[in-house]
Amino acid sequence: MANTWRSIDECKAFAGLKRLAESPFDLTANAALSPERLQNFVCKGVEFDLLYACQRVTPEVLDGLQSLADECMLVDQFKQMREGAVMNRLENYPSEERQVLHTACRDIFSRDPACEAASNQAKTELEKLKVFLHELDQGLVCNASGESFDTLIHIGIGGSDLGPRSIYEALSAYKKKSRGVYFISNVDPDDSAAILERVDLLRTLVLVVSKSGTTLETLSNESMVRTALKEAGLDPARQCLAVTGESSPMDNPDRYLRSFYMYDYIGGRFSSTSMVGAVMLGFALGYDQVLEFLQGASLMDEAAGEKDLRKNLPLLLAMLGVWNHNFLAMDTVAILPYSQGLHRFPAHLQQCDMESNGKSVQRNSRQVQIKSGPIVWGEPGTNGQHAFYQLLHQGTEDVAVEFIGFRQSQRGKDLVIQGSSSQQKLIANLLAQSMALAVGKDDENPNRRFSGNRVNVILMAKRLTPKSMGALLALYEAKIVFQGFCWNVNSFDQEGVQLGKVLAGQILSAMLVKAGGESVAAAFLKAAGIK
Ligand code: G6Q
C-alpha cells in the first residue's frame with residue numbers, strides 16, 4: 001500500500017519558515033526575555049512543564065510549525081501507530097513490515113484501548129509478573145536453601161539494557177531496601193566478571209533479556225553467569241528468568257524459572273515499558289510502582305494526541321527540535337538533566353533517537369533531501385558545567401540544549417549551607433545556565449564575550465518519581481516518533497547496525513582459523529595482531 005506521507009520540505013509551510021529563519025528572534029536584544037515572554041512561552045503537560053522562552057521563536061514561527069505538523073499529519077500518524085498500523089515499513093523494498101505498538105504496553109488503564117489485542121497481551125504479561133513478584137515476596141520462590149533472593153542481574157544489550165538501566169538508576173531512591181539490581185551488557189568479559197565478584201550467587205536471580213534470543217553479547221554473558229552458578233553448585237534453571245520474543249531460541253521453559261514475553265511489534269529501544277523494563281523494576285521497587293510508571297507513560301501518550309502544538313508537549317518539543325535542526329542549522333542536541341538519578345538517561349536517548357532517526361532513506365524509499373536525526377548526547381548538571389559547558393557558551397558549534405529539572409529532590413535529605421540547600425543551588429544553576437546561554441554578555445575583552453542566542457528549553461517537574469519517569473520516557477519516545485514522521489523516515493528499523501555485525505563474524509572466524517583464505521583485508525590483519 002502506497003502512503004501519502006511527506007517530509008517537511010515537501011510542505012507549503014516550509015518556505016515560510018525558511019524565510020522566518022533568516023532573522024530569528026534575538027534573545028540578546030534589550031529586555032527580550034521579559035517576564036511576559038518567560039510566562040507565555042510555557043507549555044503545561046503531564047507531570048512536566050516545558051519552558052521555551054529561550055528558543056528563537058515568535059508566535060509566527062509557532063504558527064508555521066503548527067502548519068508543518070498539520071500538513072505532515074503528525075498527530076494522525078501517531079494515532080494510527082497507536083491503533084496498530086504497520087508503520088515499520090519501506091515502500092518498494094523488503095522491510096520489517098511490522099506494527100509499532102510500544103504504547104500498548106501502558107495502554108492498560110482505559111476501557112477503550114487504542115489497540116485492544118496488544119493491550120490484552122500487555123495485561124497478560126503484567127498479570128504473570130504480579131503473580132511472580134507476589135511469590136517472591138511470600139518466599140514461595142526462593143533459593144535451594146529456602147532463602148529469599150535479594151539481588152537481580154539483568155543481562156541484555158542495546159534496547160534490552162539502556163532503557164531499563166537508566167530507569168533503574170532514576171528510580172533506585174524508591175527501591176526496596178533489601179533488594180538491588182546489577183546490569184551486564186558488554187561482551188567484554190570484564191563486565192560480567194566485575195559483577196560476579198560483587199554478588200552472592202546463592203541469593204541472586206539472573207534475568208536474561210533478548211527479544212531475538214540470538215544476540216551474541218547477551219548469550220555469551222548468560223553462559224558466563226550460568227557457568228558461575230554451576231561452579232557454585234547452584235542450578236541455573238532455578239535462578240534464571242527470561243524476557244524474550246515468543247518462539248525465539250530463548251523461549252524454552254525448561255531452561256528458565258519463569259519466562260516473560262515481548263512482542264514483535266515492540267522495538268528494542270522502545271521496549272522499556274514492556275517486560276524488558278518491568279521485570280527488573282518490579283523486582284526492585286514492587287508491582288505498584290511498575291503500574292505508576294506505566295500510568296505516567298500512558299497519560300503522556302494520551303496527551304500526544306492533541307492537535308494544538310502549543311498544548312501538546314511532545315509535539316512542541318519535536319517541532320522546536322525541527323526548527324533548530326532544519327531551519328537554524330544546529331547539528332547536535334544536548335540533554336542535560338539536573339538530576340543525578342537521570343545520569344544514564346542521555347545514554348538511553350542517544351540510542352532511542354539516533355538509532356530511530358539516523359536514516360538517509362525516506363519511507364517511500366527515496367533519499368532524504370534535508371537533514372534527518374541530529375546527534376544526541378549529554379551528561380547531568382552541574383557536573384557538565386565543570387566540563388564541556390565552555391563549548392556550549394563560547395564554542396563555534398551551536399548546540400540545542402534540553403535541560404531537565406525537578407523542584408524537589410528525590411530522597412529529601414539536604415542541608416542548608418551558606419543560606420541555601422543543595423537542591424536550591426542545583427535549580428539556581430540550571431536557571432542561570434539557561435539564561436546565560438540565551439542572553440549572553442558583552443565585554444571589551446573578546447575572550448570574555450558570550451554571544452548568547454544559544455537556544456535551550458527546560459523540562460521542569462515537581463519530583464522524579466515512577467510516574468514522572470514514565471511520563472518523561474514516553475515524552476521523548478513521542479518526540480522521536482514525531483520527528484521521524486517529519487523527515488518521513490522509518491524510525492523503527494535499524495539496518496545500519498547490521499554490516500558491523502556481519503564483519504565481526506568474519507573477523508572472528510579468521511581469528512579462529514589457522515591458515516586463512518580470508519580477506520576483509522586479511523581479516524583485518526589477523527584480528528589486529530598486525531605483524
Ligand atoms: C533496538 C535495537 C537493538 C537491540 C539489541 C538487543 O532497537 O534493535 O539495540 O535492542 O541489539 O537485541 P535483543 O533484545 O534481540 O537481544
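Within each chain, residues carry numbers counting from 1 in the order of the written sequence. Given that this is a predicted model, residues contribute local features only at a pLDDT of at least 70 and side-chain atom pairs are listed and counted only at 80 or more, while totals for whole chains, interfaces and linings are drawn from all residues. Side-chain figures throughout are based on the complete set of non-hydrogen atoms in the structure, without hydrogens or water.

Peer 1: Looking at this model, I keep getting lost on the overall build of the protein chain. Mind explaining?
Peer 2: For the protein chain, the helix and strand inventory stands at 18 helices and 13 strands. For a compact globule of 531 residues, the expected C-alpha radius of gyration is about 24 Å, and the protein chain comes in at 24 Å, within 12% of that figure. A principal-axis box enclosing the C-alpha atoms of the protein chain has dimensions of 75 × 60 × 60 Å. The buried label applies to any residue whose accessible area, calculated with a 1.4 Å probe on protein chains only, is under 20% of its type's maximum; exposed applies above 50%, and partly exposed to all values in between. Taking all 531 residues of the protein chain together, 54% fall into the buried category. Secondary structure follows DSSP: runs of H or I at least 4 residues long count as helices, runs of E at least 2 residues long count as strands, and numbering of each begins at the N terminus. Only the C-alpha atoms count toward the radius of gyration. The rule for a globule is 2.2 Å times the residue count to the power 0.38.

Peer 1: Help me understand the nonpolar core, please; the structure alone is not making it clear to me.
Peer 2: Within soluble globular proteins, side chains that are nonpolar tend to cluster in buried spots. Note on terminology: a nonpolar core comprises buried Ala, Val, Leu, Ile, Met, Phe, Trp, Tyr and Cys residues joined through side-chain atoms within 4.5 Å. Ranked by internal contacts, the top residues of the largest apolar core, which has 128 residues, are L50, Y52, L68, I404, L459, Y476 and F482. At 14 residues, the largest contribution of residues to this core is made by helix 16 (residues 466-487). Core analysis: the next-biggest nonpolar cluster, separate from the first, contains 17 residues, I153, V225, A228 and C240 among them.

Peer 1: Where do I start with the site of the ligand in this structure?
Peer 2: Working definition: residue near molecule or strand if any one of its non-hydrogen atoms lies within 4 Å of it. S160, S210, S212, T215 and Q351 are the nearest of the 13 residues found near the ligand. Take S210: an N or O atom from its side chain is 2.6 Å from an oxygen atom of the ligand. Think of a polar contact as two N or O atoms within 3.5 Å of one another; within protein, one of them needs to be a possible hydrogen donor and the other a possible acceptor, and neighboring residues in sequence only count if both atoms come from side chains. Between the ligand and T215, the relevant distance is 2.5 Å, taken from an oxygen atom to a side-chain nitrogen or oxygen of the residue. For the ligand, the protein covers 85% of the area, taking 400 Å² as the surface of the free molecule. Here the open area of atoms and residues is found with the Shrake-Rupley method and a 1.4 Å probe, where only the protein chains shown may cover a residue.

Peer 1: What's the story with the sheet that holds strand 10 (residues 399-406) in this structure? I'm lost.
Peer 2: Strands in a sheet are paired, the pairing made by backbone hydrogen bonds, and the direction either parallel or antiparallel. Strand pairing is assigned whenever DSSP detects at least two bridges linking the two strands. Overall, mixed pairing links the 6 strands, which are arranged 1-2-13-10-8-9 in an open sheet. Each end of this open sheet is capped by a strand with a single partner; those strands are strand 1 (42-44) and strand 9 (375-377). If you compare each strand with its neighbour and ignore which way they point, the axes differ by 15 degrees on average. Examined bridge by bridge, strand 8 (residues 332-338) and strand 9 share 3 bridges and lie parallel to one another. Within strand 9, the position partnered with V333 by the bridge is V376. Against the sheet, helix 12 (residues 313-327) contacts strand 1, strand 2 (48-51), strand 10 and strand 13 (456-461), and its axis sits at roughly 25 degrees relative to strand 2. In this analysis, two residues are considered to be in contact whenever any of their non-hydrogen atoms come within 4.5 Å of each other. Angles shown run from 0 to 180 degrees and are taken between the N-to-C directions of axes, each axis being a line fitted to C-alpha atoms and, for helices, limited to the stretch in contact. Contacts from helix 15 (residues 422-439) reach strand 8, strand 10 and strand 13, with the element oriented near 160 degrees to strand 10.

Peer 1: Just checking my understanding: could you explain the packing of helix 11 (residues 287-303) against helix 16 for this structure?
Peer 2: The angle between the axes and the distance between the axes are what describe a pair of packed helices. One can describe the packing of helix 11 onto helix 16 by two numbers: an axis separation of 7 Å at closest approach and a directional angle of 40 degrees. Considered as vectors, helix 11 and helix 16 are oriented oblique to each other. Helix 11 and helix 16 meet at a crossing whose hand is right-handed. Counting all contacts with helix 11, which are made through Q289, E292, F293, Q295, G296, A297, L299, M300 and D301, the residues of helix 16 involved are P466, K467, M469, G470, A471, L473, A474 and L475. In these notes the angle categories are as follows: under 35 degrees is roughly parallel, over 145 is roughly antiparallel, 65 to 115 is roughly perpendicular, and the rest is oblique. Definitions for this section: a left-handed crossing has its near helix turned counterclockwise from the far helix by less than a right angle. A right-handed crossing has that turn clockwise.

Peer 1: I tried to follow the state of the cysteines on my own but got confused; where do I start?
Peer 2: What makes a disulfide is a covalent bond joining the sulfur atoms belonging to two cysteines. Any pair of cysteine sulfurs within 2.5 Å is marked as a disulfide. Applying the stated rule across the entire model yields 0 disulfides. The thiol of C11 is not disulfide-bonded; the next cysteine sulfur, from C72, is found 3.4 Å away.

Peer 1: What exactly am I supposed to notice about the pattern of salt bridges here?
Peer 2: A side chain with one charge can pair with a side chain of the opposite charge if their charged atoms come near. By convention in these notes, a salt bridge is any Lys or Arg side-chain nitrogen within 4 Å of a carboxyl oxygen on Asp or Glu. Evaluated as defined, the whole model comprises 28 salt bridges. With its nearest N and O atoms 2.9 Å apart, the salt bridge here joins E222 to R226. With E222 and R226 both in helix 8 (residues 216-231) and 4 residues apart, the pair spans about one turn of that helix. According to the relative accessible area criterion, E222 is buried, its value standing at 3%. Residues participating in the shared-partner salt-bridge network are K44, D49 and R407.

Peer 1: Help me understand the packing of helix 1 (residues 13-20) against helix 12, please; the structure alone is not making it clear to me.
Peer 2: Direction vectors running N to C along helix 1 and helix 12 enclose 70 degrees, while the axes themselves pass 11 Å from each other. Judged by the inter-axis angle, helix 1 sits roughly perpendicular to helix 12. Residue-level inspection shows F14, L17, K18 and L20 of helix 1 in contact with helix 12, the latter providing W323, N326 and F327. Under the scheme applied, nonpolar residues are Ala, Val, Leu, Ile, Met, Phe, Trp, Tyr, Cys and Pro; charged residues are Asp, Glu, Lys and Arg; polar residues are all the others, including Gly. A breakdown of the residues in the contact of helix 1 with helix 12 according to their chemical character gives 5 nonpolar, 1 polar and 1 charged.

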